[in-house]
Amino acid sequence: MCGIVGYVGGRKAAGIIYGGLKQLEYRGYDSAGIATLEDGKISVVKRRGKVSVLQPYIGGLGGTAGIGHTRWATHGGPSDENAHPHSAGKFSIVHNGIIENYSELKEKYFPDTAFLSETDSEIIARLLDKFYDGDFLYALKKVADLLKGSYAAAVICADFQGLALIKRNNPAIIGYGEGENFAASDAPALSFCKQITILEDGDVAVLTADGVSIFNERLQGVIRERIVNPATPLSLELGDCPHYMLKEIREVPASVERTRTAYLSVENKVGLTLAGAERIIITGCGTAYNSGIIAKRFIETFAHMPVETEIAGEFRYKNPIITPNTVVVAISQSGETADTVEAAKLAKRLGAVVVAVTNAPYSQLTRCADAVVPVEAGSEICVAATKSYTGQLTALYLMAKTLAGQGAAEAVKSLSAVAPLCERVIAEGADIDTLADMCARASGVYFLGRDIDHGVALEGSLKLKEISYVPSEGYPAGELKHGTLALIDIRTVSVFLITSPRLAEKSANAVEQVLSRKGKAAVITNVAAVRERFAGRVPVISIPECDEYLSPFLTAAAVQLLAYKTALLLDRDPDKPRNLAKSVTVE
């Protein structure tokens, strides 16, 4: 969710923090702010809007220590007042997460105090000011003990030339420099640091220009591992693309290639971890969950093993049944998705083997997993997942082959055909323009498919709704006549995915049912008979012929382009859709 950045050293802090916030803007863009410390005085600038609203003020912020924030609103709408940093007395703080007991703390400690914002975060600054008696570390520990929920907070104090971090259930990373040190909620903001440390829950870290001290939740000094920083700076260059979403759709083939190559390095460990598995539970949220729907079909078909799919936010609260030899596959692009991380931890406590599928090698999810299947999609700036989705499909396809006892080398070879086919779909995207215009004018859009196409239908619907704001749902095509048909009229559009010759006739019948009720329809297909049947009757998006179980890679690229083009027609920002952020680190 929100992005936080901290710096202390010999250079002017504001510019460094601003640059870090630009790298983290995908985590939230409702408002932004920076606080710097100079000669015992804290100066704050915060404004509603994207990080760029701060640029005119950077020159006026002195000091060589400071903190910054880019916000995704939880408590309190986007406004100057609700923007971070929040300040009280000698303290200024930035916070990522949710303080679940903030109302209780306000009532107990500040019953007569008028707060300056509607946020839960302001309580942290107020409590620090209340309990501070000259001992910065003690105040941090006291406040951390009172907070319930999830948080990573960076703090500056007028009496201390440096900054501090407290962390629980949200990512907090320290970066090391020469005569300077850094903090952030995500590694891309620290890409210039050769080494980083990922804090553990309960840690309190104190940073100065000269060094870093880390304490556990009992305030005992601890040594946390320094690791080589895997992050590279996010490429903020768009090239010839007007939006990051289009740039990242064009990088789909590369994500497939990198992921299939990376799998060879983990094949043996994944195989050993999965040995003896008799039941698979796949869990994730949003796009990650949708990729799990496809993985269910991969595993059941290749390995003939029972698979259940669970939305992580439901799984963690349902008292799940974990039997002996159960493997839980947890999927998360960021590896920090709160519900997915907690679902994985719960599964681990109940005795399951946990396999993480993630695009982030040093994340909370990877640290609790028994094995990690890497997704090598590279960083995504656009909020909507595109290349990370196809990277997940690649990783899950290969894992399914391993479960089936088939050599990864042969499976990797079979996937070599995917990248060039995806390139063809993306390059020929002009065919989607007519359908995008239909969707932009529709009162609702339904994505329908059978069997493996159903999983992509769910993802197509999610993409359309999240960046175009057109109401949309994904359904199994066979369910159309069991209720959804009542919603079909001249204002609706039904998009049918048909890639299985075995089921093509049945799906084509569903298209006819929509047309007979005056609904608009379109078909995305690689089945020749379907193309011929509907040519001239409805828009037909033709994709290349391929193995049935590789078709989701191609249809995924098509529905991503459809969502993108629809959003443009409606004058939406496809990179920063309203109310959404890239990494969901709160419930």
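Residues numbered from 1 in each chain as written. Predicted model: local features only at pLDDT ≥ 70, side-chain atom pairs only at ≥ 80, totals over all residues. Heavy atoms only, no water.

A few points about the overall build of the protein
Here is step 1 of the chain: Looking only at helices and strands, one finds 19 helices and 25 strands in the protein.
Here is step 2 of the chain: The C-alpha radius of gyration computed for the protein amounts to 25 Å, which stays within 12% of the reference 25 Å derived for 587 residues, consistent with globular compactness.
Here is step 3 of the chain: Referenced to the eigenvectors of the C-alpha coordinate spread, the extents of the protein come out at roughly 80 × 50 × 45 Å.
Here is step 4 of the chain: Taken across its 587 residues, the protein has 62% of its residues classed as buried.
Here is step 5 of the chain: In the protein, 72% of the contacts between residues at least 6 apart in sequence involve partners at least 24 apart.
Here is step 6 of the chain: By element, 49% of the accessible surface of the protein is carried by carbon and sulfur atoms, the whole surface being about 21,900 Å².
Here is step 7 of the chain: In the protein, the 61 positive side-chain charges and the 67 negative ones have mean positions that sit 2 Å from each other. (Helix = DSSP H or I, 4+ residues; strand = E, 2+ residues; numbered from the N terminus. Rg over C-alpha atoms; globule rule 2.2 N^0.38 Å. Buried < 20%, exposed > 50% of the residue type's maximum accessible area, 1.4 Å probe, protein only. Contact = heavy atoms within 4.5 Å. Areas by Shrake-Rupley, 256 points an atom, 1.4 Å probe, with all protein chains shown as cover. Lys, Arg positive; Asp, Glu negative; His and termini not counted. Charge placed at Lys NZ, Arg CZ, Asp CG, Glu CD.)

A closer look at the packing of aromatic side chains
Here is step 1 of the chain: Tallied over the entire structure, the rule returns 12 aromatic pairs.
Here is step 2 of the chain: With a centroid separation of 5.5 Å and 80° between ring planes, the pair formed by Y109 and F131 is classed as edge-to-face. Within this pair, whereas Y109 is found in helix α2 (residues 102-109), its partner F131 is found in helix α3 (residues 122-131), the two being separated by 22 residues in sequence. As far as burial versus exposure is concerned, Y109 and F131 are alike and both buried.
Here is step 3 of the chain: Look at F182 and F192: their rings are 4.8 Å apart centre to centre, the planes differ by 65°, and that puts the pair in the edge-to-face class. With F182 in strand β10 (residues 181-184) and F192 in the loop between β10 and β11 (195-198), this pair connects stretches of sequence that are 10 residues apart.
Here is step 4 of the chain: Relative accessible area serves as the criterion here: at 3%, F182 is assigned to the buried category.
Here is step 5 of the chain: Members of the aromatic cluster, joined through ring pairs, are F91, Y132, F136 and F160. (Phe/Tyr/Trp six-rings, centres within 6.5 Å; stacked < 30°, edge-to-face > 60°.)

Some thoughts on empty space enclosed by the protein
Here is step 1 of the chain: Under the defined criterion, the tally for this structure stands at 3 cavities of 30 Å³ or more.
Here is step 2 of the chain: Each pocket or cavity is described by its volume, and for the largest cavity that value is around 50 Å³.
Here is step 3 of the chain: Residue lining of the largest cavity: C2, R71, W72, T74, H75, H84, H95, N96, G97, T119, D120 and S121, and that is the complete set.
Here is step 4 of the chain: It is strand β6 (residues 91-99) that contributes the most residues to the lining of the largest cavity, 3 residues altogether.
Here is step 5 of the chain: For the lining of the largest cavity, the per-class residue count stands at 2 nonpolar, 8 polar and 2 charged. (1 Å grid on protein atoms, 1.4 Å probe; cavity = no way out; pocket = protein on both sides within 12 Å on 5 of 7 lines; lining within 4 Å. Points joined across faces, edges and corners; volume = space filled by probe spheres on them. Nonpolar A, V, L, I, M, F, W, Y, C, P; charged D, E, K, R; others polar.)

Section: the pairing of strand β24 (residues 520-525)
Here is step 1 of the chain: Among the 6 residues that make up β24, 5 are buried, leaving the element largely enclosed by the rest of the structure.
Here is step 2 of the chain: Pairing between strand β23 (residues 492-498) and β24: 6 bridges, direction parallel. Paired with S494 across the bridge in β24 is A521.
Here is step 3 of the chain: In the classification by handedness, the crossover that spans β23, the intervening helix α17 (residues 504-516) and the parallel β24 is right-handed. (Pairing = 2+ DSSP bridges. Right-handed = clockwise from strand over helix to strand, strands pointing away.)

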